[in-house]
Amino acid sequence: MARVVDICSNELHQLVAMATESLLSGKVIAVPTDTIYGIAALVQNSEAVDRMYNIKNRDYSKPLAISVAEIKDIYRWGKVTVSSELLSELLPGAVTVVFERTEDLNPDLNPGTSLVGIRIPDHKFVREISRSCQGPIALTSANVSSTQSTLNIQEFKNLWPQLDIVFDGGELGDTFHSRAGSTVVDLSVQGTYKIIREGSAIKSTLAALRSHHLQDRENR
């Protein structure tokens, strides 16, 4: 059974150290994000990634996104097609940007696609974990696949026995919109975009994309 750690009762550096130790040992943890609760593992650890799929009972054809600490980190894992200015308008925030993956990324992560979704959550704890681990974190919603996303830790208590630590950040929202997760946008084709999931930041995302004169691939 997972240890439950109250984020509000611990210093940030203590929380990051606990999370880092767990992830580096190949475990899966649960964390609050700027949208919903997620489960996380080290991207470059194939066994840990496999464990995430098993915990969620997730179809292996459904790719996992990765989370990084800084804009500059995106360039190591994705083949960026847009300006750094646009990336800085979208991130950190509730947006997942999708690019062609680089060869540095673990080939066992999402082997069925050449693309990778990359996030920088607007949540200092999650970003500091990635920075401390010196690598990307595989991050997906803390729920069994095809069930609703979760806004407090009790909503995914069924997953606790398979997790090492559950970091409790309290209630993250109380509306249907709160459960929408990140907006997912495919930017893999230069000069264009494709919305894969509307998510919770669709309005601001579209405004940023259009201000940089990107064309919607669905309506060209």
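Just so it is clear, the structure is predicted and the values come from calculations on it, not from any experiment.

Definitions and cut-offs
- Note that residues are indexed from 1 along each chain, following the sequence as it is written.
- Note on the predicted model: pLDDT of at least 70 is required for a residue's local features to be given, and 80 or more for side-chain atom pairs to be given and counted; whole-chain, interface and lining totals, by contrast, use all residues.
- No hydrogens and no water enter the side-chain calculation; it runs on all heavy atoms of the structure.
- Secondary structure follows DSSP: runs of H or I at least 4 residues long count as helices, runs of E at least 2 residues long count as strands, and numbering of each begins at the N terminus.
- Here a polar contact means two N or O atoms within 3.5 Å. Within protein one must be a hydrogen donor candidate and the other an acceptor candidate, and residues neighboring in sequence count only if both atoms are side-chain atoms.
- Only heavy atoms matter for contacts: two residues are in contact if any of them lie within 4.5 Å across the pair.
- Three exposure classes are used, based on accessible area relative to the maximum for each residue type with a 1.4 Å probe and protein chains only: buried under 20%, partly exposed in between, and exposed over 50%.
- Here the arc refers to the directions that run from the helix axis out to each C-beta atom.
- Fitted lines through C-alpha atoms give the axes, limited to the stretch in contact for helices. The angle between two N-to-C directions lies from 0 to 180 degrees.
- Oblique is the label for any angle not covered by the other classes, which are roughly parallel (under 35 degrees), roughly antiparallel (over 145) and roughly perpendicular (65 to 115).
- Helix crossings get a hand from a simple test, with the near helix turned counterclockwise from the far one by less than a right angle marking a left-handed crossing and a clockwise turn marking a right-handed one.
- Three residue categories are used. Nonpolar comprises Ala, Val, Leu, Ile, Met, Phe, Trp, Tyr, Cys and Pro, charged comprises Asp, Glu, Lys and Arg, and polar comprises the others, including Gly.
- Each pair of strands is called paired provided DSSP finds at least two bridges between the two strands.
- Only buried residues count toward a nonpolar core. Its members are Ala, Val, Leu, Ile, Met, Phe, Trp, Tyr and Cys residues joined through side-chain atoms within 4.5 Å.
- Note on aromatic contacts: the rings of Phe and Tyr and the six-membered ring of Trp form a pair at centre separations within 6.5 Å, being stacked when their planes are under 30 degrees apart, edge-to-face when over 60 apart, and tilted otherwise.

Asker: What's the story with the side chain of S130 in this structure? I'm lost.
Answerer: Relative to the assigned elements, S130 resides in helix α5 (residues 124-133). Polar contacts involving the side chain of S130 include one to the main-chain carbonyl oxygen of S67, which spans 3.5 Å. With residues up to four places along the chain from it excluded, the contact list for S130 reads S67, V68, A69, G135, P136 and I137.

Asker: What is the right way to look at helix α2 (residues 46-56) in this model?
Answerer: Every α-helix carries 3.6 residues per turn, so stepping three or four residues along brings you back to the same face. Within the span of α2, buried status applies to A48, V49, M52, Y53, I55 and K56. Down the axis, α2 shows its buried residues gathered within 165° of arc, on one side only. Elements that come into contact with the buried residues of α2 comprise β3 (37-42) and β8 (137-141). Where α2 terminates, the next one or two residues include N57, which has phi positive at roughly 55°.

Asker: I would appreciate a short explanation of the packing of helix α1 (residues 12-24) against α5 in the present structure.
Answerer: Running from amino to carboxyl end, α1 crosses α5 at an angle of 50°, the nearest separation of the two axes being 9 Å. One way to sum up the angle between α1 and α5 is to call them oblique. For the pair α1 and α5, the sense of crossing is right-handed. Listed contacts from α5 to L12, L15, V16, A19, T20 and L23 of α1 are K124, F125, E128, I129, S132 and C133. Here the contact of α1 with α5 is composed, by residue class, of eight nonpolar, two polar and two charged.

Asker: Which parts of the structure should I look at to understand the pairing of β3?
Answerer: Along any regular strand, the residues point their side chains to alternate faces of the sheet. By the criterion of burial, β3 is predominantly enclosed, with six of the six residues buried. Going residue by residue along β3, you find Y37, I39 and A41 tucked away on one face and G38, A40 and L42 tucked away on the opposite face as well. Between the end of strand β2 (residues 29-32) and the start of β3, which pair antiparallel, lie four residues. Sheet analysis places β3 next to β8, joined by five bridges and oriented antiparallel.

Asker: Help me understand the nonpolar core in this model?
Answerer: Formed by 49 residues in total, the largest nonpolar core has its most connected members in I66, I74, V97, F156, L163 and L187. Listing elements by their share of this core, those giving two or more residues are β3, α2, α3 (71-77), α4 (84-90), β6 (95-101), β7 (115-119) and α6 (202-211). In terms of residue count, the dominant contributor to this core is α2 (five residues). Non-local contacts of V97, meaning those with residues more than four positions away in its chain, are made with L90, L91, V116, G117, I118, V185 and L187. Core analysis: the next-biggest nonpolar cluster, separate from the first, contains 18 residues, A19, C133, L139 and F167 among them.

Asker: Mind showing me how you'd approach the side chain of R101 here?
Answerer: Tracing the sequence through the fold places R101 in strand β6. Contact partners of R101, with chain neighbours within four places excluded, come to W77, K79, N106, P107, L109, N110, T113, S114, L115 and V116.

Asker: Honestly, the environment of V95 in this entry has me stumped. Any pointers?
Answerer: Within the secondary structure, V95 sits in strand β6. Judged by its relative accessible area of 3%, V95 is buried. In the structure, V95 is positioned 106 residues away from A201 in sequence and 6.6 Å away in space, judged by C-alpha atoms. Beyond its immediate chain neighbours, meaning those up to four positions away, V95 contacts L90, I118, R119, S182, T183, V185, A201 and T205.

Asker: What exactly am I supposed to notice about the packing of aromatic side chains here?
Answerer: Note on aromatic pairs: each is described by the distance of the centres and the angle between the planes. All chains considered together, the criterion is met by three aromatic pairs. Measuring from centroid to centroid gives 5.6 Å for Y37 and F156, while their planes differ by 45°, and the two rings are tilted. Highlighted residues: Y37 in strand β3 and F156 in the loop between β8 and β9 (165-168), separated in sequence by 119 residues. The exposure classification of Y37 matches that of F156, with both residues buried. Seen from their ring centres, Y53 and Y60 are 4.4 Å apart, and the 15° between their planes marks the pair as stacked.

These figures capture arrangement, not role.
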